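Commentary on secondary and tertiary structure
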Amino acid sequence: MSLEKLGWNAYFEDNFKIYQGKGFVAARVVNQQKGNYIVRSENGDLNCKLSGKFMYNSDVKKDYPTVGDWVAIKTINDTEAIAYALLPRKNYFARKLAISGGRKIKNNIIVGGNIEEQIIGSNIDIAFIVCGLDNNFNIGRIERYITLVLSSTAKPVILLNKCDLCNNVSDYVDQIHSIAANIEVYPISVLNNINMDALYKFLNCGTTVVFIGSSGVGKSTIINYLFHNEVQKTSAISSSNGKGRHTTSSSQLLQHSSGCVVIDTPGTKELQLWADEDVLSQSFEDITSLISQCKYSNCKHDKEPGCAIKKAIECGTLSIERFNSYKKQLR
Ligand SMILES: Nc1nc2c(ncn2[C@@H]2O[C@H](COP(=O)(O)OP(=O)(O)OP(=O)(O)O)[C@@H](O)[C@H]2O)c(=O)[nH]1
Ligand SMILES: [Mg+2]
Ligand SMILES: [Zn+2]
């Protein structure tokens with residue numbers, strides 16, 4: 001097993017230098033269950049625990065290794081190892097996890113209470129944002145996912161799965177293009193094998209891809225298709241509420257025959273972003289470019305004369321909903 005096939009590159013090499021020649025080897029976290037890790041090194045998989053110092057120095061969830069992370073380990077024997085350090089992450093995807101009360105969910109975003117980041121995958125090159133065309137489609141949610149991915153520096157690719165269940169697929173593709181003109185969108189159906197070839201060009205040796213999206217959209221089904229095998233458990237959407245069952249309960253790293261690393265993640269229930277304004281403006285390019293045309297640079301887009309936003313809303317080239325979702329994310 002070469003480290004390159006596991007996603008190792010110059011960035012990690014650089015960060016590993018301080019451990020080199022001291023008995024450490026590099027390994028990537030493939031699975032994690034309550035303090036027990038499975039890490040993959042050049043010599044195969046090992047059960048791994050964290051060193052005392054590692055744990056002592058870790059305060060919040062984010063300080064602990066997660067699937068996709070590279071760690072510096074020392075092997076104990078053929079099957080066991082201890083991790084001593086986490087190599088700096090190139091990027092990561094997190095969701096906000098409520099850790100104390102007082103919170104409410106507004107527009108799928110947690111407000112109030114205390115929240116902590118829970119990382120669902122790290123060191124990612126391409127993020128497949130998966131949504132289902134079986135009533136799962138929600139443009140606001142897709143927008144938030146795009147923002148999340150762009151803020152991580154990974155490349156977003158949108159997969160509209162279950163196109164077999166939808167007869168106006170192109171309407172949905174158009175909706176996405178209207179909010180994110182430069183992002184690739186692929187309507188696919190795993191079950192009916194429609195357009196699945198589109199995915200292969202993204203599976204390149206040394207690349208790490210992740211599948212993210214709500215529960216039940218078909219992330220694990222797509223992965224099973226790509227591996228020609230049932231590598232991940234899947235299950236039907238609950239008929240009582242039409243929602244996914246959270247079948248995948250923790251992230252899992254898998255290696256494709258192409259040499260690509262694939263991470264399956266548990267479907268998100270509540271997605272909250274960690275994006276800055278810079279990133280926000282990338283996924284609302286249309287709005288920011290309008291704002292730059294407002295007569296006054298401090299225009300509040302309310303009653304000011306010469307407001308390009310107001311004008312665009314009046315002539316129907318910008319929807320009020322879209323402007324509101326921009327304001328909401330800005331807040
Ligand atoms: N009609 C149709 N159903 C699909 C398609 N792809 C997946 N499904 C079904 O959708 C259901 C959920 O699929 P999963 O792969 O378990 O979904 P998931 O996104 O991994 O869900 P979590 O692990 O809970 O996050 C399964 O019953 C699949 O058979 C598709 O292209 N068309
Ligand atoms: Mg799954
Ligand atoms: Zn204005």
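Above: the structure in question.
Structural notes, computed from the coordinates. Note that the coordinates shown come from a computational prediction; the quantities given were computed from them, not determined experimentally.

Before going further, it helps to examine the overall build of the chain. A tally of regular secondary structure across the chain gives nine helices and 15 strands. Split into buried and exposed, the 331 residues of the chain put 47% on the buried side. Across the chain, every contact between residues at least 6 apart in sequence was considered, and the portion connecting residues at least 24 apart equals 65%. For the chain, the accessible area works out to roughly 16,500 Å², and carbon and sulfur atoms hold 48% of it.

Let us now look at the site of ligand 1. By nearness alone, 23 residues border ligand 1, and D164, S215, K219, T221 and T248 come closest of all. Between a nitrogen atom of ligand 1 and a side-chain N or O atom of D164, the distance comes to 2.8 Å. One nitrogen or oxygen atom from the side chain of T248 is found 2.8 Å from an oxygen atom belonging to ligand 1. Against a free-state accessible area of 660 Å², the protein chains account for coverage of 91% of ligand 1. In terms of residues, the shell around ligand 1 owes the most to one element, helix α5 (residues 219–226), which gives three residues. Each residue belonging to the shell around ligand 1 can be placed in one class, and the counts come to six nonpolar, 14 polar and three charged.

Taken together, the protein ligands of the zinc ion (ligand 3) are C294 (SG), C299 (SG), H301 (ND1) and C307 (SG), with distances of 2.2 to 2.4 Å. What the four donor atoms of the zinc ion (ligand 3) show is an angle range of 102 to 118° at the metal, which sorts the shape as tetrahedral. Between the donor residues of the zinc ion (ligand 3), the gaps in sequence give the motif C-x4-C-x1-H-x5-C. Note on accessibility: C294 and H301 belong to one class, buried.

Now for the coordination of the magnesium ion (ligand 2). Coordination of the magnesium ion (ligand 2) by the protein is provided by S220 (OG) and T248 (OG1), with metal-donor distances spanning 2.0 to 2.1 Å. On the criterion of sequence distance, the pair formed by S220 in helix α5 and T248 in the loop between α5 and β14 (252–255) is long-range, its members being 28 residues apart. You'll find S220 and T248 in the same group, each marked buried.

Direction of pairing for strand β3 (residues 44–50) relative to strand β5 (residues 80–86): parallel, over a ladder of four bridges. In the sheet register, L50 faces β5, and the bridge partner there is A83. Where strand β4 (residues 70–75) lies against β5, five bridges are found, and the strand directions are antiparallel. Counterpart to A72 in the pairing with β5 is A85. The antiparallel pairing of β4 with β5 creates a hairpin that spans four residues between the two strands.

This part is about the sheet that holds β4. Read once around its circumference, the closed barrel built from five strands follows the order β1-β2-β3-β5-β4, with strand pairing classed as mixed. Across the sheet, the mean angle from the axis of one strand to that of its neighbour is 50°, orientation sign disregarded.

Counting across every chain of the model gives 13 aromatic pairs. Judged by centre distance (5.8 Å) and plane angle (80°), the rings of W8 and F16 are edge-to-face. A single burial state applies to W8 and to F16, both of which are buried. A relative accessible area of 8% places W8 in the buried class. Aromatic rings pair up to connect W8, Y11, F12, F16, Y19, F24, W70 and Y84 into one cluster. Sitting over the ring of Y92, R89 keeps its end group 5.8 Å from the ring centre.

The next thing to look at is the pattern of salt bridges. Between side chains of opposite charge, a pair can form as their charged atoms come close. Overall, the coordinates contain nine salt bridges when judged by the stated rule. Its salt-bridge partner being R40, residue D45 comes within 2.6 Å of it at the nearest N-O pair. A residue is classified by how much of its surface remains accessible, and D45, at 40% relative accessible area, is partly exposed. Classification of R40 by relative accessible area gives buried; the value is 15%.

Moving on: the packing of helix α3 (residues 139–152) against helix α4 (residues 169–179). Where α3 contacts α4, the axes come no closer than 11 Å and their chain directions differ by 45°. In terms of axis orientation, α3 runs oblique to α4. The chirality of how α3 crosses α4 is right-handed. Residues I139, I142, E143 and I146 of α3 form the contact with α4, whose own contacting residues are Q175, I176 and I179. Looking at the contact of α3 with α4 residue by residue, the classes come out as five nonpolar, one polar and one charged.

Parameters at a glance
Residues numbered from 1 in each chain as written. Chains lettered and ligands numbered in written order. Predicted model: local features only at pLDDT ≥ 70, side-chain atom pairs only at ≥ 80, totals over all residues. Heavy atoms only, no water. Helix = DSSP H or I, 4+ residues; strand = E, 2+ residues; numbered from the N terminus. Buried < 20%, exposed > 50% of the residue type's maximum accessible area, 1.4 Å probe, protein only. Contact = heavy atoms within 4.5 Å. Areas by Shrake-Rupley, 256 points an atom, 1.4 Å probe, with all protein chains shown as cover. Near = heavy atom within 4 Å. Polar contact = N/O pair within 3.5 Å; in protein donor to acceptor, adjacent residues only side chain to side chain. Nonpolar A, V, L, I, M, F, W, Y, C, P; charged D, E, K, R; others polar. Donors = N, O, S within 2.8 Å, 3.2 Å for Na, K, Ca; no water. Tetrahedral: all angles 85-135°; square planar, octahedral: opposite > 155°, others 65-115°. Pairing = 2+ DSSP bridges. Axes fitted to C-alpha atoms, helices over the stretch in contact; angles between N-to-C directions. Phe/Tyr/Trp six-rings, centres within 6.5 Å; stacked < 30°, edge-to-face > 60°. Lys NZ or Arg CZ within 6 Å of the ring centre and 35° of its normal. Salt bridge = Lys/Arg side-chain N within 4 Å of Asp/Glu carboxyl O. Parallel < 35°, antiparallel > 145°, perpendicular 65-115°, else oblique. Left-handed = near helix turned anticlockwise from the far one by under 90°.

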